[in-house]
Amino acid sequence: MTKVTRRTFVQTSTAAAAGAAISGGQAAGRAAATDGATIKRFKTLGRTGWKVGDISGGSGQTDPGVLEYMFQAGINLIDTGQQYVGHEEIIGKVLPKWRSKMFVLDKWDPPLITPTVTKSALLEALDVSLKKLNTTYVDCMALHAIGHPRYGGLDRIQNPAIYEAWDEAKKLGKIRFTGASSHGPRVIEDMSWGIDNNRFDLILVGANFLTHGIEPVLKKARAKNIATIAMKTMTLYTSDLNIRALQGQHTNARQACLKWVLASGLFDTLVVRMPSYDTAAEYLAVSGTTTLQPADRARLNLIAEHIGTDYCRPGCDACLGACPRDVPIADILRYRMYFENYREQKLGIEKYQKLPAARRAASCAGCQAPCEASCPYGVGIRRRLSGAHQMLSLA
Ligand code: SF4
Ligand code: SF4
């Protein structure tokens, strides 16, 4: 793959723009400017009716030129949020030029959504975002990180003020659709509530080739023509799980993870962080994937071999109650994930320290680990918990 830099992109995009006609030439201009990296497949984004590219943009850009590159390549949905500090502003630098061609998916800051937040506070926050984004509307204003105990229980998304704010914003032409994102342990419960009660037009859920259990939620969403978007497809890669070591050896592990999502047929599109020209080009290269080739499967198997018995699957609770000492296995492994994968060391330690001493994982080291028989994925629970105890006791 040719390395893309700001300089080469600017040179080619200038030349392409000079030769491109207003409409018909736009596609040709895109291909030339982005050195062949283009979106090759479009799908309908559920009931929104938007013809969305199979790969969509996540956050991570600090250079508006990268966004320009992504959009010229055909990416026509950008996912952002108030929590991604500075990201809305970066989008605002290029959005006016692309506004009618771009589906903007924004999200309220998770701590803002509480059982008592008011309609006016939500509308005010929306206005701040619109200003940063340099636009008069977003296509979807979504709830961010529902189903996550860090921010509270189901009652926070049952607050009627949210739905009044959405209705008002629609009337004012400031939003077109509603939605929610989740990769938390209560993803199934919270998403199901929103779908059953007709609150969402689209949902974003964490998914990768090692996660299971979300399929019934996706099926329920599809039955109502609610758009389905995959996110956190790279959570594996950005984890501590040594997957980085695989990159550039026998396989492109990141591309294999994306290909699995594309070939699964479970989603209308996926969003992925594209902080640089190179990452955008790398991910765009797998656009159009509809089936996994034997080589792709071999790559995924290689990844699974490296991390399969370390990775506690989000949303799974098969080991609930499997410890005779009442150690909350999935919770502690999640605190470890906060510490290691999310780099939220303080949060992980705080959560762990709140557990009564008798329920912490100190006792795992000398245990026969009867709990491990309950894990359908063969996670080395005792080993992972013992490591978590060491890590999370470092206060
Ligand atoms: S290793 Fe033993 S103490 Fe630790 S969770 Fe499993 S059964 Fe419980
Ligand atoms: S340890 Fe295994 S059974 Fe327990 S939550 Fe994680 S993946 Fe599920």
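Anyway, here's the lowdown on the structure attached to this text. (Residues numbered from 1 in each chain as written. Chains lettered and ligands numbered in written order. Predicted model: local features only at pLDDT ≥ 70, side-chain atom pairs only at ≥ 80, totals over all residues. Heavy atoms only, no water.)

**Some details on the site of ligand 2**
Put simply, the test is: Note on terminology: near, applied to a residue and a molecule or strand, indicates that one of the residue's heavy atoms is within 4 Å of it. Charged residues are taken to be Asp, Glu, Lys and Arg, nonpolar residues to be Ala, Val, Leu, Ile, Met, Phe, Trp, Tyr, Cys and Pro, and polar residues to be all remaining types, Gly included.
Taken together, the residues surrounding ligand 2 are Cys-312, Arg-313, Cys-316, Ala-318, Cys-319, Ala-330, Cys-375, Pro-376, Tyr-377, Val-379 and Ile-381. Taken together, the residues of the shell around ligand 2 break down into 10 nonpolar, no polar and 1 charged.

**Concerning the side chain of Ser-287**
Just so we agree on the cut-off: Secondary structure follows DSSP: runs of H or I at least 4 residues long count as helices, runs of E at least 2 residues long count as strands, and numbering of each begins at the N terminus. We call a residue buried when its accessible area falls under 20% of the maximum for its residue type, exposed when it is over 50%, and partly exposed in between, using a 1.4 Å probe and counting protein chains only. As used in this structure description, the phrase polar contact means that two N or O atoms lie within 3.5 Å; if the pair is within protein, one of them must be able to donate a hydrogen and the other to accept it, and residues adjacent in sequence are counted only when both atoms belong to side chains. Here a residue-residue contact requires only that any non-hydrogen atoms of the pair lie within 4.5 Å.
As for its position among the elements, Ser-287 is in the loop between helix 10 (277–284) and helix 11 (294–307). A residue is classified by how much of its surface remains accessible, and Ser-287, at 5% relative accessible area, is buried. Within the structure, Ser-287 has its side chain in polar contact with the backbone nitrogen of Lys-40 (distance 2.7 Å). Looking at Ser-287, its side chain comes within polar contact range of the side chain of Asp-54, at 2.7 Å. Apart from residues no more than four positions distant in its own chain, Ser-287 is found in contact with Thr-38, Ile-39, Lys-40, Arg-41, Asp-54, Ile-55 and Leu-262.

**Considering the pairing of strand 8 (residues 202–206)**
Which entries qualify depends on this criterion: The criterion for strand pairing is that DSSP finds at least two bridges linking the strands in question.
The element strand 8 is largely enclosed, with a buried count of 4 among its 5 residues. The pairing of strand 7 (residues 175–182) with strand 8 spans 4 bridges and is classified as parallel. Following the sheet pairing, Ala-180 is matched in strand 8 by Ile-203. Relative to strand 9 (residues 227–231), strand 8 runs parallel, the two sharing 5 bridges. Bridging across to strand 9, Val-205 finds its partner in Ala-230.

**What about the pattern of salt bridges?**
Selection rule: Put simply, a salt bridge is a Lys or Arg side-chain nitrogen that is within 4 Å of an Asp or Glu carboxyl oxygen.
Scanning the entire structure with this criterion turns up 15 salt bridges. The shortest N-O distance in the salt bridge between Glu-168 and Lys-119 comes to 3.7 Å. Residue Glu-168 is located in helix 6 (residues 160–171), and its partner Lys-119 is located in helix 5 (residues 119–133); the two are separated by 49 residues in the primary sequence. The class of Glu-168 is partly exposed, set by a relative accessible area of 25%. A residue is classified by how much of its surface remains accessible, and Lys-119, at 31% relative accessible area, is partly exposed. Here the salt bridges share partners, and the residues they tie into one network are Arg-99, Asp-139 and Arg-176.

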